[in-house]
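# Report on the structure
Given next are the chains, with one letter for each unit.
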Amino acid sequence: MFPGKLQTALTYRFPGEPVIEKTGTFRKLDNPALFEGFIVSDFEGVNFYGFFEGETGEEIPAVELPVVTGKSAYCDMANEFIHHLRVHNIGKAVLSRIKYVEFDEEQRLDLFRKLAEGFPRAFCYSFDSPLLGKWIGATPETLTRIEAGRGETMSLAGTKPASDTTGWGEKEEHEQQLVTDFLYRELSSICRDVHVSEREELVAGPVKHLVNHFRFTIDMNDQWPLIQAIHPTPAVSGFPRPEALKCIALFEPHDRRFYAGIIGEISSSKTNLFVNLRSAQILDNGLYVYVGGGLTQQSDPESEWQETENKSKTILDLV
């Protein structure tokens with residue numbers, strides 16, 4: 001191996017903006033609060049990796065195949081998961097799984113272009129990194145957008161097929177309200193002039209969600225405390241968050257890696273970060289799609305399975 005020659009190919013596109021292509025390296029950050037540029041984190045926001053444009057020298061770690069969960073195993077796991085929620089009186093926790101399909105790795109950038117064209121309102125990205133692997137995604141969920149002291153975020157939760165014209169159920173409305181209440185409380189403790197919109201629908205390809213949009217004023221020095229306070233939101237972890245995270249660690253057989261982590265650009269003047277949903281890892285000519293759903297004490301495993309199937313279509317319909 002020639003570590004001095006190893007580089008990452010990074011391609012991404014913010015909603016409504018041109019595609020950006022860069023080469024360089026990812027490095028693990030000891031203090032992400034001091035970094036400015038493109039950044040990605042794991043699900044729990046413990047490990048952050050910054051992109052250094054034009055540089056070389058990434059390491060190649062050992063690679064483990066993701067754990068794929070079929071329908072029978074998922075439903076069994078969901079039943080135990082729901083029982084745990086009832087016994088410990090946990091309001092909601094997100095159970096994820098990994099779906100596998102064969103995929104020609106040479107088609108990675110073609111798939112990125114299809115995602116960018118098909119989902120103009122999503123943050124789309126793809127990278128081929130010796131250190132982090134090959135990942136691709138099209139996420140509809142803003143974590144936070146901040147510029148000149150003005151910020152935005154969203155409470156995105158609840159899912160059903162985009163073609164479904166019936167009203168939203170109590171379970172979906174309650175699930176989304178938990179996220180809205182959580183964000184309002186956290187934003188109000190750090191930011192000023194917090195305003196929240198009326199609840200509306202957001203269509204994201206084959207599915208749609210309930211969403212409230214937040215606007216606020218913030219001191220740019222407080223953006224990292226805010227990021228740490230709101231991530232992972234109840235939309236990707238659960239509520240109460242500490243108990244939900246323990247539940248996820250207890251039941252999920254796989255490492256979420258960058259799924260539902262933080263991805264985007266950050267600086268002292270302008271930040272545009274997203275929650276890394278609708279994402280997939282490309283490995284050994286296979287596509288490992290990470291999908292999840294919020295389970296409550298009243299959830300039905302069959303329905304939750306179908307929700308994850310619907311979410312996977314964001315990527316798989318284009319393969």
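Refer to the structure printed above.
Residues numbered from 1 in each chain as written. Predicted model: local features only at pLDDT ≥ 70, side-chain atom pairs only at ≥ 80, totals over all residues. Heavy atoms only, no water.

By volume, the largest pocket amounts to about 660 Å³. Looking at the largest pocket, it is lined by 30 residues, and the ones nearest its centre are Ala62, Val63, Leu132, Arg257 and Gln281. Only β6 (123-129), β7 (133-139) and β16 (279-283) provide two or more residues apiece to the lining of the largest pocket. Ranked by residues supplied to the lining of the largest pocket, first place goes to β16 with three residues. Broken down by class, the residue content of the lining of the largest pocket amounts to 16 nonpolar, five polar and nine charged. Among the elements of the structure, β8 (142-147), β9 (150-161), β11 (200-204) and β12 (207-217) are those that each provide at least two residues to the lining of the second largest pocket. Counted by class, the lining of the second largest pocket contains 12 nonpolar, six polar and five charged residues. (1 Å grid on protein atoms, 1.4 Å probe; cavity = no way out; pocket = protein on both sides within 12 Å on 5 of 7 lines; lining within 4 Å. Points joined across faces, edges and corners; volume = space filled by probe spheres on them. Helix = DSSP H or I, 4+ residues; strand = E, 2+ residues; numbered from the N terminus. Nonpolar A, V, L, I, M, F, W, Y, C, P; charged D, E, K, R; others polar.)

All right, on to the nonpolar core then. Among the nonpolar cores identified, the biggest contains 52 residues, and Phe26, Phe38, Ile39, Phe123, Leu187 and Leu226 are the most heavily contacted of them. The residues touching leucine 187, leaving out its near neighbours within four places in the chain, are Thr153, Val194, Phe214, Phe216 and Leu226. By size, the runner-up hydrophobic cluster in this structure holds 17 residues, among which are Phe119, Ile282, Val291 and Leu316. (Core = buried A, V, L, I, M, F, W, Y, C linked by side-chain atoms within 4.5 Å. Buried < 20%, exposed > 50% of the residue type's maximum accessible area, 1.4 Å probe, protein only. Contact = heavy atoms within 4.5 Å.)

Glancing now at the environment of arginine 150. Structurally, arginine 150 is set in strand β9. A relative accessible area of 44% means that arginine 150 is categorised as partly exposed. Through-space distance from the C-alpha of arginine 150 to that of phenylalanine 216 is 6.0 Å; in sequence the pair is 66 residues apart. Excluding anything up to four places from it in sequence, arginine 150 contacts Arg145, Asp193, Phe216 and Thr217.

In the structure shown here, the tally under the stated rule is one cavity of 30 Å³ or more. For the largest cavity, the calculated volume is near 190 Å³. In terms of lining, the largest cavity is formed by 20 residues, of which the most central are Ala235, Leu277, Arg278, Gly292 and Lys311. If one sorts the elements of the lining of the largest cavity by residue count, strand β17 (residues 286-295) sits on top with five residues. Considering only residue class, the lining of the largest cavity consists of nine nonpolar, six polar and five charged.

Here the focus is the pairing of β6. Along β6, six of the seven residues are buried, which leaves the element largely enclosed by surrounding structure. Relative to β6, strand β1 (residues 8-13) runs antiparallel, the two sharing five bridges. Residue pairing in the sheet places arginine 13 in a bridge with cysteine 124 of β6. Between β6 and β7, which pair antiparallel one after the other, the connecting turn spans three residues. (Pairing = 2+ DSSP bridges.)

For any two helices packed against each other, one specifies the crossing angle of their axes together with the interaxial distance. Where helix α3 (residues 170-190) contacts helix α4 (residues 223-230), the axes come no closer than 10 Å and their chain directions differ by 155°. In terms of axis orientation, α3 runs roughly antiparallel to α4. The way α3 lies across α4 gives a crossing that is right-handed. Only Pro225, Leu226, Ala229 and Ile230 of α4 make contact with α3, whose side of the interface consists of Phe182, Leu183, Glu186, Leu187 and Ile190. The class makeup of the residues in the contact of α3 with α4 is eight nonpolar, no polar and one charged. (Axes fitted to C-alpha atoms, helices over the stretch in contact; angles between N-to-C directions. Parallel < 35°, antiparallel > 145°, perpendicular 65-115°, else oblique. Left-handed = near helix turned anticlockwise from the far one by under 90°.)

According to the stated counting rule, one finds zero disulfides in the structure shown. In this model cysteine 75 remains outside any disulfide bridge; the closest cysteine sulfur is found in cysteine 247, 16 Å from its own. (Disulfide = S-S within 2.5 Å.)

So, to be careful, I would describe these as geometric facts and stop short of saying anything about function.
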